[in-house]
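So the chains spell out like this:
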Amino acid sequence: MSLIQSPKPAPTPSPTTAATGADVERLRSGPAALLGLLTAAGGPRYAAALLVDALGTGLLRPFLLLYGIGVLALDPGAAGLAMSAGMVAGLLVLPLTGRWIDLGARSLPAAATLLVRAAGSVTLLLADGVAGFTAAAVLLGVGSQSWPATHAAVVSTLTEGRTRDAALAAGRTLRNAGLGAGALLATLAVAGGTGALQLLAGVTAAACLLAAGLVHSLRVSAPPAAAPQPRPSAAPARGPAADPALRRITLLSVANLPFAFTFDVLEVALPALLVLHLHASAAWSSGIFVGNTVLVIALQLAVVLRFGERSRHTVLAAGGIALTLSYLGFWAAGGLGGTAAAGAVAAVSVLYTFGEILYSGSGTALVAATAPPHLLGRALARWELSMGVGRALAPAALTALLAVGPGALWPVLAAATLLSSVAVARLRPRG
């Protein structure tokens, strides 16, 4: 059966686009809400592709570095530089991905990202030095960076309103579960030696190839939406950049940069704070990471549904406020010293996790809801570009600030996130 979709009409009050009531309530009460939402956009075949992406994402960062060092015997610095090149390449390709989506493509770009990742895994198997490893890292980086935008475009074509928000949240829930499972698989592969790592690379390539075929078989597309014609008295537009909604999304994307540091706070700043400054056992940071993952998996969808009737701008800004308070909490907890400080950091991390859930549950949904149909791809690409740039800058910025001291890191991070939250709130359309 064909899933070819026509572009959704301009926002008008309708039971679908204003689905803050019946649809969301039905999803809340359904015993299989998560499964239903995972199959809402594309059915079981697309849900299988989501699972492959989730596992692949979990494998990518720990597995790729370990493969370069353990199998190819590369210097850690060279391997890290190659991975950075992959991330930069992915960011450079994102604008092209957005324009491809705006031509009406939906499942084809999503399938292409998986196909590129399959090619990256095969290249990894064939690599015998820095050049081959770098080529693999670039292919994997391009595929991974473009996937979120292509996935959001598919979901935005097949669902609408708050159902779309919930479907995106369900995908993120699965993705977080995949992060944990993928990291576990990478750990087991390391214990099995180089042969296990090579086998895992081959399995990843086969899984991505299969998922690409499944996604492509959906044949989801949308005829390119025409740009709205200006009124006779209006000045002629100067292209997509002149669109007011796209300008607002661009400003939102700039405001998103401090938000994008959020994930590396968990992976970089907190472990460094606990081990280097508080001299606590590494088990504390591991426990916080596991607890965060479990809470996100358990609560992401429920929180999105619970706040389904609130403005997405408000929810995103509230997430920033929660993150700001958690950063100040980490700063205060660090002054306690000893085990009490580590315990206080663990307690504050619950507030941090809640802020992360609000942020990740509203950001992409806000962009998808705000973007004009004919500029959906470019809008999603700009948002994901800001996410990628923020994540690329975060490790260096966080460690540099922490080297000065916790008194430099947490206030600066809190102030930047608070300013971003205020900017998000002010960018809410009036009237």
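Residues numbered from 1 in each chain as written. Predicted model: local features only at pLDDT ≥ 70, side-chain atom pairs only at ≥ 80, totals over all residues. Heavy atoms only, no water.

## Regarding the overall build of the protein
In terms of regular secondary structure, the protein is built from 15 helices and zero strands. Counted over contacts in the protein with a minimum sequence separation of 6, partners at least 24 positions apart contribute 85%. Total accessible area computed for the protein in this model is approximately 18,500 Å², and 70% of it derives from carbon and sulfur atoms. (Helix = DSSP H or I, 4+ residues; strand = E, 2+ residues; numbered from the N terminus. Contact = heavy atoms within 4.5 Å. Areas by Shrake-Rupley, 256 points an atom, 1.4 Å probe, with all protein chains shown as cover.)

## Examining a nonpolar patch on the surface
A cluster of nonpolar side chains, Ile321, Leu325, Leu328, Trp331, Leu351, Phe354, Leu418 and Val422, forms an exposed patch at the surface whose accessible area comes to about 650 Å². Sorting the residues of the nonpolar patch by element identifies α12 (312–334), α13 (338–370) and α15 (406–426) as the ones contributing at least two each. The leading source of residues in the nonpolar patch is α12, at four residues. Counting through the fold element by element, phenylalanine 354 comes out in helix α13. What makes phenylalanine 354 partly exposed here is its relative accessible area of 34%. (Patch = residues over 30% accessible without salt bridge, like charges linked within 9 Å, V, L, I, M, F, W, Y side chains within 5 Å. Salt bridge = Lys/Arg side-chain N within 4 Å of Asp/Glu carboxyl O. Buried < 20%, exposed > 50% of the residue type's maximum accessible area, 1.4 Å probe, protein only.)

## Focus: the packing of aromatic side chains
Applying the stated criterion to the full structure yields six aromatic pairs. Through successive ring pairs, a cluster of aromatic residues spans Tyr327, Phe330, Tyr352 and Trp410. Its guanidinium or amino end placed over the ring of phenylalanine 307, arginine 306 lies 5.9 Å from that ring's centre, counting from NZ or CZ. (Phe/Tyr/Trp six-rings, centres within 6.5 Å; stacked < 30°, edge-to-face > 60°. Lys NZ or Arg CZ within 6 Å of the ring centre and 35° of its normal.)

## Description of the nonpolar core
In summary, soluble globular proteins display a tendency toward joint burial of nonpolar side chains. In terms of nonpolar packing, the biggest core is built from 66 residues, with Val265, Leu270, Tyr327, Val345 and Trp410 touching the most fellow members. By residue number, the principal contributor to this core is α13, which donates ten residues. Contacts of leucine 270, omitting those with residues within four sequence positions, involve Val265, Ile288, Phe330, Val345 and Trp410. (Core = buried A, V, L, I, M, F, W, Y, C linked by side-chain atoms within 4.5 Å.)

## Remarks on the confidence of the model for the protein
Averaged over the protein, the pLDDT score is 83; the fraction of residues at 70 or greater is 86%. Confidence drops under a pLDDT of 50 for residues 1–22, and excluding neighbours within four residues, the segment shows 33 contacts in the predicted structure. (pLDDT = per-residue confidence, 0-100.)

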